2 protein chains.
Amino acid sequence: MQIIDGTIASPKGFQATGLHAGLKKIKKDLGVIYSEVPANAAAVYTTNQVKAAPIFVTKTALKNQTLQAIVVNSGVANACTGKIGMENAKKMQALAAAHLAVDQENVAIASTGVIGKQLPMSVIETGINELDLQKAEPSAFHEAILTTDTNTKEIVVTEKINGQLVTMAGVAKGSGMIHPNMATMLAFITTDACISAQLLQTLLAQKTETTFNQITVDGDTSTNDMVLVLANGLAKNSVIEENSAAYEKFVAMFQLVSETLAKMIAKDGEGATKLIEAQVTGARDALEARLVAKKIVGSSLVKTAIFGEDPNWGRIICAVGYAGSQTDPEKIDMWIGNQQLLKQSQPQLFNKKIMKETLEKETIIIKVELNIGTESGKAWGCDLTYKYIEVNALYHT
Amino acid sequence: MQIIDGTIASPKGFQATGLHAGLKKIKKDLGVIYSEVPANAAAVYTTNQVKAAPIFVTKTALKNQTLQAIVVNSGVANACTGKIGMENAKKMQALAAAHLAVDQENVAIASTGVIGKQLPMSVIETGINELDLQKAEPSAFHEAILTTDTNTKEIVVTEKINGQLVTMAGVAKGSGMIHPNMATMLAFITTDACISAQLLQTLLAQKTETTFNQITVDGDTSTNDMVLVLANGLAKNSVIEENSAAYEKFVAMFQLVSETLAKMIAKDGEGATKLIEAQVTGARDALEARLVAKKIVGSSLVKTAIFGEDPNWGRIICAVGYAGSQTDPEKIDMWIGNQQLLKQSQPQLFNKKIMKETLEKETIIIKVELNIGTESGKAWGCDLTYKYIEVNALYHT
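Just so it is clear, the model here is predicted, and its values are computed rather than measured.

In terms of nonpolar packing, the biggest core is built from 65 residues, with F141, F188 and L228 of chain A together with I296, I366 and V368 of chain B touching the most fellow members. Of the residues forming this core, the biggest block, 6 residues, is contributed by helix α9 (residues 313–321) of chain B. Discounting chain neighbours no more than four positions away, the residues touching F141 of chain A are I8, A16, T17, G18, G31, V32, I33, V72, V171 and F188 of chain A.

This brings us to the packing of aromatic side chains. Counted according to the given criterion, the structure contains 4 aromatic pairs over all chains. Ring centres 5.7 Å apart and planes at 80° place the aromatic pair F307 of chain A and Y386 of chain A in the edge-to-face group. Residue F307 of chain A is located in helix α8 (residues 300–307), and its partner Y386 of chain A is located in helix α11 (residues 386–393); the two are separated by 79 residues in the primary sequence. Plain terms: the ring middles of F141 of chain B and F188 of chain B are 5.8 Å apart, the flat faces sit at 70° to each other, and that makes the pair edge-to-face. Of this pair, F141 of chain B sits in helix α4 (residues 138–144) while F188 of chain B sits in strand β8 (residues 186–191), placing them 47 residues apart in sequence. The same class applies to F141 of chain B as to F188 of chain B, namely buried.

The next thing to look at is the sheet that holds strand β12 (residues 339–343) of chain A. All names here are of chain A. Read from one edge of the open sheet, 6 strands run β13-β12-β11-β14-β10-β15, paired in mixed fashion. A strand with exactly one partner marks an edge of an open sheet, and here the two such strands are β13 (346–347) and β15 (375–382). On the sheet, helix α9 (residues 313–321) packs against β11 (333–336), β12, β13 and β14 (363–369) and is oriented at approximately 130° with respect to β11.

What follows is about the relation of the copies chain B and chain A. Expressed as a screw transformation, the operator carrying chain B onto chain A has a rotation angle of 180° and an axial translation of 0.0 Å, and the superposed copies differ by an RMSD of 0.0 Å. Viewed as a symmetry operation, the transformation between the two copies matches a two-fold axis. Taking C-alpha positions as the reference, the residue of chain B nearest the rotation axis is Y386 of chain B, at 2.7 Å.

A few words on the sheet that holds strand β11 (residues 333–336) of chain B. Residue and element names in this part refer to chain B. One open sheet holds the 6 strands; their spatial order is β13-β12-β11-β14-β10-β15, and the pairing between them is mixed. Single-partner strands in this sheet number two, and they are β13 (346–347) and β15 (375–382). Sheet topology places β11 next to strand β12 (residues 339–343); 3 bridges connect them, and they run antiparallel. Within the sheet, the bridge partner assigned to I336 lies in β12 and is Q339. Its contacts with the sheet put helix α6 (residues 245–267) on β10 (275–283) and β15, and the angle it makes with β15 is roughly 40°. Across the sheet, α9 lies against β11, β12, β13 and β14 (363–369), angled at about 130° from β11, the strand it touches most.

This next bit is on the environment of T385 of chain B. With respect to the helices and strands, T385 of chain B occurs in the loop between β15 and α11 (386–393). Once the C-alpha coordinates of T385 of chain B and V76 of chain B are considered, the two residues, 309 residues apart in sequence, prove to be 26 Å apart. Not counting residues within four places of it along the chain, the set of residues in contact with T385 of chain B comprises I389 of chain A together with G271, A272, T273 and F307 of chain B.

With that settled, the discussion passes to unusual backbone geometry. Residues and elements named next belong to chain A. Its identity as a non-glycine residue notwithstanding, N371 has a phi of 60°, on the positive side. You can see N371 is positioned in the loop between β14 and β15. Given the relative accessible area of 28%, N371 is considered partly exposed.

Parameters and conventions
- All residue numbers refer to position in the chain's written sequence, counted from 1.
- For naming, the first written chain is A and the first written ligand is 1, with later ones following in the order written.
- Where totals are concerned, whole chains, interfaces and linings use all residues; where local detail is concerned, this predicted model gives features only for residues with pLDDT of at least 70, and gives and counts side-chain atom pairs only at 80 or more.
- Only hydrogens and water are set aside when side-chain values are computed; all heavy atoms of the structure are taken into account.
- To form a nonpolar core, buried Ala, Val, Leu, Ile, Met, Phe, Trp, Tyr and Cys residues must be joined to one another through side-chain atoms within 4.5 Å.
- Residue burial is assigned from relative accessible area. The probe radius is 1.4 Å, only protein chains are included, and a residue is buried under 20% of its type maximum, exposed over 50%, and partly exposed in between.
- Every helix listed is a DSSP run of H or I at least four residues long, and every strand listed is a run of E at least two residues long, numbered separately from the N terminus.
- We call two residues in contact whenever any of their non-hydrogen atoms come within 4.5 Å of each other.
- Stacked, tilted and edge-to-face are the three classes assigned to paired rings of Phe, Tyr and Trp, where Trp is represented by its six-membered ring and a pair needs centres within 6.5 Å; plane angles under 30 degrees give stacked, over 60 edge-to-face, the rest tilted.
- Note on pairing: two strands pair once DSSP finds at least 2 bridges between them.
- With axes taken as lines fitted to C-alpha atoms, and helix axes fitted only over the stretch in contact, angles between N-to-C directions fall between 0 and 180 degrees.
- Superposing copies: least-squares fit, C-alpha atoms only, residues required to have pLDDT of at least 70 in both.

See below:
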């Protein structure tokens, strides 16, 4: 497998572009991903009971398990907007279908931004009609989906599968309201691989559990999130079946793309200066390991300690203790970087100079060995900073 | 029922004092509550799997359902301190028993402060021996249990029960690591009422669910928390039985004392400038109502919005949506103060001037009517501020 420079349109037969329609003041706020042929598609959505209108429209579109286009706007979330919001979401889908000359049920839509505001439909309509795939600038799509993100988030990988070069690309946005179970996070993955929609859905559901659902910025699960995967088959590989060497390669690509996007989202959390990775081993099952890892990266006290570059293992073991697993509180080993802080729950002497250097880095790895089993899991978060407060207290509805 | 000025030693037969032993630099750090006669006692403890040594010692002491003294230190939590920590906790109990001339199994101990540090036993020993109940200064106890708290927290109430004047007093400390299920929170309640230990325990367990377990500062559940209640019977009322008018009066006193202390803790959360009270009505059951209320006051995005004095109902409805209840997302009514923001989940026009004045106050009340049942619940939290980051990022282990 190779990581290459590229865009969400790098896999064969995909195009993408974005522009400034006018939902935001200056920045790009409307984008499209398009496949020359209908692609097999899979999706996962927010678990929030309060779901935005585009979630319902896209769910309906996905019933036939194929998609040919995804239209996304930022600036307005179209959440808590009632019947008018639903009508607007359907109209956005219809406008895109007409402009791109594809079946309406093959168009997914997504929105992100302010809750409770109606989409300005004239702006959306003009914007959609200006989307020009002939003069496509795929990286403009990466920009068009951002809200308080400070950078675009993309990764492209290639691999030979069943004799053909297969490309997979992913793009995401995150930043605030980021928590397990699909927070204000949008991620789109395209590939030219030939694989059934059913197998794609199985894989997406599995990998979401260990990647996108293992990140947290602030514990808030948003109303709008989704991950969409499109596989259009134009790589012309013979179809990828489950339990094959080809599927293993495809899974590895998918894992790398998903985990990389997840980490990018965590690292670019609102106000963040550091990525925190918690690695939990020695759990009785993988779910327990992931739960403990997520509690560690979700703890405000751990997050502020990492911001303050303090090896505060007391706050970490406290988070392990309230994670709700049946941890043995006397058996915990713990490391920050390669410096051991606890052995069988007892404080260890460590090299303060090396610890200081470790904590000054941009990625902080916290390892916890529970010593009660053999399973493991990871989670990712970011530090909690003055800037997070600034971003969220000064933001006005 | 009357609220009066007083201290934890106001109920008949109680004494209390505190002093600076030397665990902290300058502030008081050791205190004692003492009852002339053994008192019926009840307790609840942290649910964190990692429990501090004093929790185990106090649990053992409570087996006989009576206590005559509570000794508390701040500065060092005696948590994650292994066998030595357990020995030190038992020694602290023994020293206090000898000094006060009471049975060791009638002495409870509690600690709060830094995790992972051993108690300096010579400092503890000298301190305990200097505790002088002849020259008792009860308010010094209120100070001695504080950590990053900015003020003491106490309330005293009186009521005529079964012909006698009964007094009940409560004192607490909170500030950080405050979350449901007993966070770094210590609360002590004394009363001269005559009531069985069993009924006291039932009442404490019930009321903890709706008061102390409904506050959150930062979502972290500490290793050291406990609430202890002592009833020494010196008011000489005839014993309070369940399902009686006397019990109803006693419950009302207990409810007021517990809820007042809980709110004081939430309001004095680390860095807080405002108390947030969430009132949820129209739930199918009380547990669901409390769950939704707690998610609202626990949301970092709601907390920063309140700090920024912004009526961001989108963040509030988002928290309602991910609370895990089977809320109907189309039926939600919402108010901040007396200004309605949502009706059947649709935004309402409100008076911006009144809203601004409401959000400038020190107590912000968020009301949510779910319209799916008849039960209700409350929770309390505080805003999330620059100061919280400062307190927790600059704190070094």
